[in-house]
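Each chain, letter by letter, is given below.
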Amino acid sequence: MHQEILNIVTDSVKQTNQLLKNKAPIEQGENCPLFGSNGYLDSMSLVSLVVSVEEKIEKQFNTPLILADEKAMSQKRSPFATVGTLTTYIEELMREVSHA
Amino acid sequence: MHKPVTLITGTRKGIGKYLAEHYVNKGHIVVGCSRSPIDWKLNHYTHFETDVADENSVRQLFQMIRKNFGRLDNLINNAGIASMNHMALTPLSTVNNILNTNVIGTFLFCREATKLMISKNQGRIVNFTTVATPLKLEGEAIYAASKAAVGSLTEVLARELAPYNITVNAVGPTPIETDLIKSVPKEKMQRLIARQAISRFGTCEDVANVIDFFLNPKSDFITGQNIYLGGV
């Protein structure tokens, strides 16, 4: 599942990059910085990324996820920091949903 | 040209039911919801039994819209409840119910609708305020306050969503002869109507007229506005 989610996040970052002057370096794979102190996304492009990822997850896994949930917003290290942290966070959410 | 997909909350009766019929007649695909089942049927209308303040049910409703229609053009946040009572005699459960339906419900639908609208880079959201707020109606403290919150939400969302070509506006009806005001004494209602510039009950047509204006594709430069009916 990790690779499938990573593909979704990567596709969504590529899509979001179209809105950005300074594009997130997606060639860095899971280390690609997204949001935060070293990030490339502003709040508007983060919204676009989240919407795109949620839509693709729902389509592929038939699971409606809310990425910006209480847990995400309260974590010391934001799940939106890099492609890798976001992928891992989505995996966690998917596991929680499947165990619910 | 695709048929516009329009979601209206609180369609079981009153203004919501009228708006469902109005937009079906205008050629929209209408999705509506209410807490209890409806006793009417309409072509091109899909109904959901949804509590607007229940996040999971709201998410399921939007999942269905995404699956079946793939888009959402218009959201009309009509669902609302009121309670006429002196504040000193208002139970906390009433306060919670009013805030949950009017504020939390409006917020949840705006949030989920936005996600569908952003992917198409367009959308129209219309919220419901009330003349009870500017008229500072005694006995309607929580209702008026909840709708003041909706007014504020409308103004801020208009700015947050403008980059995605989504407009967010509000309509503030005067009293209309629906269930919402059936428990208010007639004399009190007459005194209230006398405070309007145009002293008559509002109608569902009056409300639909303002919403038609907000939904009009030509209204893409109109956002963050709250239009009160009756000249309040």
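One numbering rule holds for all chains: residues counted from 1, following each sequence as written. Throughout, the order in which chains and ligands are written sets their labels, letters from A for the former and numbers from 1 for the latter. Only residues with pLDDT of at least 70 are given local features in this predicted model, and only at 80 or more are side-chain atom pairs given and counted; all residues enter the totals for whole chains, interfaces and linings. With hydrogens and water set aside, each side-chain value is computed from the structure's full complement of heavy atoms.

1. Topic: the nonpolar core
- Residues belong to a common nonpolar core when they are buried Ala, Val, Leu, Ile, Met, Phe, Trp, Tyr or Cys residues joined through side-chain atoms within 4.5 Å. To sort residues, take the accessible area from a 1.4 Å probe on protein chains only and compare it with the maximum for the residue type: under 20% means buried, over 50% means exposed, and anything in between is partly exposed. Core analysis: the largest hydrophobic core is formed by 29 residues, its most contacted members being L7(B), F62(B), I65(B), L72(B) and F109(B).
- For this core, the secondary-structure elements that each account for two or more residues are β1 (5–9), β2 (29–34), α2 (55–68), α3 (92–120), α4 (141–161) and β6 (166–172) of chain B.
- The element best represented in this core is α3(B), accounting for seven residues.
- Any two residues having at least one pair of non-hydrogen atoms within 4.5 Å are treated as being in contact. Ignoring anything within four residues of it in the chain, the contact list for F109(B) reads L7(B), T9(B), C33(B), V52(B), V58(B), L61(B), F62(B), L75(B) and N77(B).
- Ranked by size, the runner-up nonpolar core spans 26 residues in total, among them L20(A), V53(A), A72(A) and F80(A). Numbering of helices and strands runs from the N terminus; a helix is a DSSP stretch of H or I covering at least four residues, while a strand is a stretch of E covering at least two.

2. Side note on the side chain of N74(B)
All names here are of chain B.
- Of note, N74 is situated in strand β4 (residues 74–77).
- We classify N74 as buried; its relative accessible area is 5%.
- A polar contact of 2.9 Å, which involves the side chain of N74, links it to the side chain of T6.
- Excluding residues within four positions of it along the chain, N74 makes contact with P4, V5, T6, L7, H28, M117, R124 and L215. N or O atoms within 3.5 Å of each other form a polar contact, as long as, within protein, one can give a hydrogen and the other can take it, and as long as residues adjacent in sequence are counted only when both atoms are side-chain atoms.

3. Let's talk about the pairing of β6(B)
Residue and element names in this part refer to chain B.
- Extensive coverage of β6 is indicated by the burial of seven of its seven residues.
- By the alternation rule, side chains of β6 split into I166, V168, A170 and G172 and T167, N169 and V171, which are all buried.
- Note that strand β5 (residues 123–128) and β6 share six bridges and pair parallel. The partner of I125 across the bridge, within β6, is V168.
- Handedness of the β-α-β unit built from β5, α4 and β6 comes out right-handed. DSSP-based pairing: two strands are paired if at least 2 bridges between them are found. Note on handedness: a clockwise path from strand one over the helix to strand two, with the strands aimed away from the viewer, defines a right-handed crossover.

4. Notes on the interface of chain A and chain B
- Counting from both sides, the interface comprises 12 residues of chain A and, opposite them, 12 residues of chain B.
- With both sides pooled, the region where chain A packs onto chain B buries about 1100 Å², and carbon together with sulfur makes up 55% of that total.
- Take a side-chain nitrogen of Lys or Arg and a carboxyl oxygen of Asp or Glu: if they are within 4 Å of each other, that pair is a salt bridge. For the interface between chain A and chain B, the tally reads three salt bridges.
- E58(A) is the salt-bridge partner of R66(B), the closest N and O atoms lying 3.4 Å from each other.
- Inspection of the chain A/chain B interface yields six residue pairs in polar contact (both at pLDDT 80 or more).
- Taken together, the residues that form the side of chain A that touches chain B break down as six nonpolar, three polar and three charged. The term buried area refers to how much accessible surface (probe radius 1.4 Å) is lost by two components on association, counted for both of them together. By the convention adopted, Pro, Cys, Tyr, Trp, Phe, Met, Ile, Leu, Val and Ala count as nonpolar, Lys, Arg, Asp and Glu as charged, and the other residues, Gly among them, as polar.

5. Considerations on the confidence of the model for chain A
- For chain A, the average pLDDT comes to 91, and 99% of its residues sit at 70 or higher.
- Here helix α3 (residues 70–74) of chain A stands out as the least confident element of chain A, with mean pLDDT 78; helix α1 (residues 2–17) of chain A is the most confident, with 96. pLDDT is defined as a per-residue confidence score from the predictor, taking values between 0 and 100.

6. A look at the pattern of salt bridges
- Summed over all chains, the structure comprises 10 salt bridges over all chains.
- Among the salt bridges present, the one from K115(B) reaches E54(A), with a minimum N-O distance of 3.0 Å. Linking K115(B) in helix α3 with E54(A) in helix α2 (residues 43–61), this pair reaches from one chain into another.
- Of the residues examined, K115(B) reaches a relative accessible area of 9% and is grouped as buried.
- Its relative accessible area of 5% is what places E54(A) among the buried residues.
- E187(B) is paired through a salt bridge with R191(B); the nearest N and O atoms lie 3.4 Å apart. Of the two residues, E187(B) and R191(B) both sit in helix α5 (residues 186–194), four residues apart, roughly one turn of that helix. Note on accessibility: E187(B) and R191(B) belong to one class, exposed.
- Connected via shared salt-bridge partners are E54(A), E55(B), R111(B), E112(B) and K115(B).

7. Examining the pairing of β2(B)
Residue and element names in this part refer to chain B.
- Within β2, five of the six residues are buried, leaving the element largely enclosed by the surrounding structure.
- Note: β1 against β2, five bridges, orientation parallel. Considered in β2, the bridge of T9 is made with C33.
- Relative to strand β3 (residues 45–49), β2 is paired through five bridges, and the arrangement is parallel. Pairing of C33 across the sheet is with F48, part of β3.

8. Quick notes on the environment of T129(B)
All names here are of chain B.
- With respect to the helices and strands, the residue T129 is situated in the loop between β5 and α4.
- C-alpha separation for the pair T129 and G80, spaced 49 residues apart in sequence, amounts to 9.5 Å.
- With residues near it in sequence (within four places) discarded, T129 still touches K147, V150, G151, A170, V171, G172, P173, N226 and Y228.
- Reaching out from T129, the side chain makes a polar contact with the backbone nitrogen of G172 at a distance of 3.5 Å.

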